[in-house]
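# Structural features, examined
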Amino acid sequence: MKRDAIEAVLVDFVARELLDGDARDLDERTPLLELGIIDSLTIVSLLSFLEERFGARIAPERVRPEHFVNIAAIAALAERAAPDDES
Amino acid sequence: MATLIPPAPRKAYDAIVVGCGPGGSTAAYHLAQRGFRVLAIERHAFPRYHIGESLTGVAASLLSEMGLVDEMARRAFPEKTGVKVVGREAKSAFFVPSLVPTWQVRRDEFDQMLLDRAVAVGVEHVQGSVKRVLRDGDRVVGVAYRTGSRSDDLLQEVHAGMVVDATGHTALMSRHHVAGVRQVDAFGHQIAVFTQFEGALRDEGSMGNNTVIFYAKKHHWAWFIPLSETIVSVGAVVPTSTFKQIADSPDALMGWATENINPELTRRLRDARATEPVRTVRNYSYRIEPYAGPGWLCVGDAHRFADPIFSFGVAFAMCEGVAAAKATAQALRDHREADALADYVTYCDRGHEAAYDLIRYFWRYPAFFPFQVQGAFRHDMMRLFSGDFFRDEEIPALVAMRESLEAFEGVELEDGVARSIAGRVHAAYSDFQGIAGAYLDVAEGAVCVSFVLDDDRLELYERMYEIEGSLYREFGERSVAVRAYAPSDEADGLRLVRQVGGRVPRASLDGAHRIFDHRGAP
């Protein structure tokens, strides 16, 4: 899956699951960390989504703030962690 | 008239240690073991109460070196195998094992035991209160102390090649203008209330001896430290601003905290009974620089206290006590004082910076911290929690945390001078309690850094001297301005409370680049 496709899926997920659908201005550059959208609970559901949807298992030591500042960063992380043969 | 015959038989020693807490007694012990004549002066009659009841893993080898392991077992101090951290609303928890088992300690007994050990190897101990630091030019050459409590009791002068200040929060050398002034540090607006409980619920088996840390929102937390089979030390820490809003006394704050910090703490204390009065420490975060010089050095809390959350203080002071003895030996025996003191400061600073960065990472990134203690960084994090961070070697988990702390999004500037100034301001102040935001304005060769304060406090101005000094040196005083704003009832909610330096590109914050701003943060 291409990076921008991953981003689109993630925008949809964040809007639906983390923001209860209330996300008109959300895009891949929205500062999720700064806005407090990523917290100890949402990060767990986000990580399971990355694994289910993209097969991307994120090693604990890679669960670091700079990989979660916004959706673009999360998509880059997911892309690196996803299996190469992902169709 | 003098009423007491001064008990010290000598007028001169190799070293004088002032303060006989864990740092002072450890330094005194190691000095005596090296064959030096040591006088240890302590103000209080021991045993006496002291807060700071948990040791980190590094203490185990230090106590072993002092031949005290059997004694620790005989006194039945609870064996601590790690720290459990319970997250907000008790919805998450993680456990960090200690590298090696260590102990929870009742400080009245523990400190007495260390002092007795020092005396057993030849340290002379006297109860007295140091009233003056004796100097010869730039050099500290001794102290004058009083053994009685009356002001006309004789001042006893004693001389030594090295005076070790281990006076804790009293900070003798700073108070006597030998060391630098006490500056407020990052966690400087906190209040801690604490007492001991009987009947508190613990974890099963040996896990029940471990420290539990409960946290709520930023800078709100509590400790739970078992001190014996029946007694648990419990303390709550909140910002002083929270205290003012929710309680009118330390007792009321303690009551509020047991109900509101964390449901797991509330559960554990439901049927417990306090057995001690509620005690208080506030605004405890400070640093003193310089803290070593010709003929003197400071150990432990006598030069720095960041924050008690991970129980670094006691073992930290003991590590510094060992290092202070080594530095003193090099100064006295090898006549390498300047090098020895420089090495000592490097050693202490390395430990303090590691502890400080760990704590600010914890508060800045609570969602990420539990992942940091799993996976590839687990052993590193065990090491950091054990207080084993004085050695001169890279710890990858610490490197990673520092990268995260240094990364910032706030300034849309190209790489260059402005970006580098913003980076420095961010690194120094973004986790500093009381400083809510910082902005940078650059125009036509003029640089202006503006701080937004939580309230208008002089001690915060003092913390800006650092950045002012470095900017002045770099750009000249006329090209640099530093401003501070505090909350007000005016339209934009801010008023200018301080401005120093030269030209200011713009009158307000409008148009300035944001370095960070925590106002309105979750």
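Quick summary incoming for the structure in this document. Note that this is a predicted model, so its numbers are computed, not measured. Counting starts from 1 at the beginning of each chain's written sequence and moves along it residue by residue. For this description, chains carry letters from A and ligands carry numbers from 1, given in the order in which they are written. Residue-level local features of this predicted model are given only where pLDDT is at least 70; pairs of side-chain atoms are given and counted only at 80 or more, and the full residue set underlies all totals for whole chains, interfaces and linings. For side-chain calculations, the full set of non-hydrogen atoms in the structure is used, while hydrogens and water are omitted.

## What about the environment of Ile225 of chain B?
All names here are of chain B. We count it as follows: A run of H or I in DSSP becomes a helix once it reaches four residues, and a run of E becomes a strand once it reaches two; helices and strands are each numbered from the N terminus. Contact between two residues is taken to exist if any of their heavy atoms lie within 4.5 Å; hydrogens are not considered.
Within the fold, Ile225 resides in strand β12 (residues 221-226). With 68 residues separating them in the primary sequence, Ile225 and Gly293 have C-alpha atoms 37 Å apart. Once you skip the residues sitting within four places of it in the chain, Ile225 turns out to touch Glu53, Ser54, Gln104, Thr211, Val232, Ser233 and Ser311.

## Notes on the nonpolar core
Residues and elements named next belong to chain B. For the record, the criterion: Put simply, a nonpolar core is a bunch of buried Ala, Val, Leu, Ile, Met, Phe, Trp, Tyr and Cys residues held in one set by side-chain atoms that sit within 4.5 Å of each other. When a residue's accessible area, from a 1.4 Å probe over protein chains only, is under 20% of the maximum for its type it is buried; when over 50% it is exposed; and in between it is partly exposed.
The biggest cluster of nonpolar side chains holds 177 residues, and the ones touching the most others in it are Phe110 and Phe451. Among the elements that take part in this core, helix α10 (residues 337-364) stands out by supplying 12 residues, more than any other. Core analysis: the second largest hydrophobic core is formed by 23 residues, Val212, Ala216, Val232 and Val234 among them.

## As for a positive patch on the surface
Residue and element names in this part refer to chain B. The line we're drawing: Grouping into patches uses exposed residues only, defined as over 30% relative accessible area, and leaves out salt-bridged ones; the cut-off is 9 Å for like charges and 5 Å for nonpolar side chains (Val, Leu, Ile, Met, Phe, Trp, Tyr). Computed with a 1.4 Å probe, the accessible areas rest on the Shrake-Rupley method; for each residue, only the protein chains presented here act as cover. Between Lys or Arg on one side and Asp or Glu on the other, a salt bridge is scored when a side-chain nitrogen of the former is within 4 Å of a carboxyl oxygen of the latter. The charged-residue count follows a simple rule in which Lys and Arg add positive charge and Asp and Glu add negative charge, with His and chain termini not counted at all. Charge positions come from single atoms, namely NZ of Lys, CZ of Arg, CG of Asp or CD of Glu.
Together, Arg34, Lys326, Arg333 and Arg336 make up a positively charged patch on the protein surface. With respect to the helices, strands and loops of the structure, Arg34 is situated in the loop between α1 (22-33) and β2 (38-42). Relative accessible area serves as the criterion here: at 34%, Arg34 is assigned to the partly exposed category.

## Concerning the packing of aromatic side chains
All names here are of chain B. To be explicit about the condition: Any two of the Phe, Tyr and Trp rings considered here, Trp counted by its six-membered ring, make a pair once their centres fall within 6.5 Å; the pair's planes then place it as stacked at under 30 degrees, edge-to-face at over 60, or tilted in between. A positively charged side chain is recorded as over a ring if its NZ (Lys) or CZ (Arg) lies within 6 Å of the ring centre. The angle to the ring normal must also be within 35 degrees.
Considering all chains together, one arrives at 31 aromatic pairs over all chains under this definition. Residues Tyr215 and Trp363 carry aromatic rings whose centres are separated by 6.3 Å and whose planes lie at 80° to one another, so their mutual orientation is edge-to-face. Here the residue Tyr215 occupies a position in strand β11 (residues 211-215), and Trp363 occupies one in helix α10, the gap between them amounting to 148 residues. Owing to a relative accessible area of 5%, Trp363 belongs among the buried residues under this scheme. Relative to Trp363, the ring of Phe362 lies with its centre 5.0 Å away and its plane at 75°, an arrangement referred to as edge-to-face. We note that Phe362, like Trp363, is buried. A cation over an aromatic ring shows up here: Arg182 above the ring of Tyr286, its NZ or CZ 4.3 Å from the ring centre. Over the face of the ring belonging to Tyr49 we find Arg279, whose NZ or CZ atom lies 3.6 Å from the ring centre.

## Observations concerning the sheet that holds strand β24 (residues 513-517) of chain B
All names here are of chain B. For clarity, the cut-off: DSSP calls a pair of strands paired once it identifies at least 2 bridges connecting them. Axes here mean lines fitted to C-alpha atoms, for a helix over just the part in contact, with angles spanning 0 to 180 degrees between N-to-C directions.
Reading across from one edge, β23-β22-β21-β20-β24 is the order of the 5 strands in this open sheet, with mixed pairing throughout. Each edge of the sheet is formed by a strand with only one pairing partner; in this case those strands are β23 (494-501) and β24. Neighbour-to-neighbour, the strand axes of this sheet turn through a mean angle of 20°, independent of strand direction. Looking at chain direction, strand β20 (residues 435-443) and β24 are connected through 4 bridges and run antiparallel. If you follow Gly437 over to β24, its bridge partner there is Asp517.

## Concerning the sheet that holds strand β19 (residues 304-305) of chain B
Within a sheet, neighbouring strands are paired by backbone hydrogen bonds and run either parallel or antiparallel to one another. Taken in spatial order, the 3 strands line up as β9-β16-β19 (chain B) in an open sheet, and their pairing is antiparallel. The open sheet has two edge strands, β9 (182-184) and β19 of chain B, and neither has a second partner.

## Focus: a negative patch on the surface
On the surface, a cluster of negative charge is contributed by Asp489, Glu490, Asp492 and Asp510 of chain B. Mapping Asp492 of chain B onto the fold places it in the loop between β22 (480-487) and β23.

## Examining unusual backbone geometry
Residue and element names in this part refer to chain B. In this chain, Phe46 is followed by Pro47 through a cis amide linkage whose omega measures -5°. By secondary structure assignment, the location of Pro47 is in the loop between β2 and α2 (58-65). Following Glu289, the chain continues to Pro290 via a peptide bond in cis, the omega torsion being -5°. Structurally, the position occupied by Pro290 is in the loop between β16 (286-288) and β17 (292-293). In the Ramachandran plot, Ala171 falls in the positive-phi region, its phi being about 50° despite a non-glycine side chain. For Ala171, the location among the structural elements is in the loop between β8 (155-165) and α5 (172-175). Phi at His219 is positive, roughly 65°, even though this residue is not glycine. By secondary structure assignment, the location of His219 is in the loop between β11 and β12.

## Side note on the environment of Glu229 of chain B
Inspection of the secondary structure puts Glu229 of chain B in the loop between β12 and β13 (231-239). We classify Glu229 of chain B as exposed; its relative accessible area is 77%.

## What to know about the packing of α2 of chain B against helix α9 (residues 313-333) of chain B
Residues and elements named next belong to chain B. Just so we agree on the cut-off: Working definition: roughly parallel below 35 degrees, roughly antiparallel above 145 degrees, roughly perpendicular at 65 to 115 degrees, and oblique for all remaining angles. By definition, turning the near helix anticlockwise from the far helix through less than a right angle yields a left-handed crossing, and turning it clockwise yields a right-handed one. Residue polarity is assigned by list, with Asp, Glu, Lys and Arg as charged and Ala, Val, Leu, Ile, Met, Phe, Trp, Tyr, Cys and Pro as nonpolar; anything else, Gly included, falls into the polar class.
Packing of α2 against α9 brings their axes to within 9 Å, and their N-to-C directions diverge by 50°. With respect to their mutual orientation, α2 and α9 come out oblique. The handedness of the crossing between α2 and α9 comes out as left-handed. In this structure, α2 uses Val58, Ala59, Leu62 and Leu63 to contact α9, whose residues at the interface are Ala315, Met318, Cys319 and Val322. A breakdown of the residues in the contact of α2 with α9 according to their chemical character gives 8 nonpolar, no polar and no charged.

## Details of the interface of chain A and chain B
As a reminder of what qualifies: Buried surface area refers to the total accessible area, computed with a probe of radius 1.4 Å, that the two partners give up upon joining, counted for both partners together. Distance and chemistry together define a polar contact, namely a pair of N or O atoms within 3.5 Å, with one atom able to donate a hydrogen and the other to accept it when in protein, and with adjacent residues in sequence counting only for side-chain atoms on both sides.
Taken together, the contact pairs 18 residues of chain A with 16 residues of chain B. Interface area for chain A against chain B, summed over the two sides, is near 1,500 Å², with a carbon-plus-sulfur share of 69%. Ranking the residues of chain A by area buried against chain B places Glu61, Arg64 and Pro65 of chain A at the top, with a combined share of 33%. Arg64 of chain A is the partner of Glu403 of chain B in a salt bridge, and the nearest nitrogen-oxygen pair spans 3.2 Å. On the surface where chain A and chain B come into contact, there are 5 residue pairs in polar contact (both at pLDDT 80 or more).

## Overview of the side chain of Gln190 of chain B
Residues and elements named next belong to chain B. For Gln190, the location among the structural elements is in strand β10 (residues 190-198). Judged by relative accessible area, which is 1%, Gln190 ranks as buried. A polar contact of 3.1 Å, which involves the side chain of Gln190, links it to the backbone oxygen of His219. Beyond its immediate sequence surroundings of up to four residues, Gln190 is in contact with His219, Trp221, Val237, Val238, Pro239, Thr240, Val281, Arg282, Asn283, Tyr284 and Gln433.

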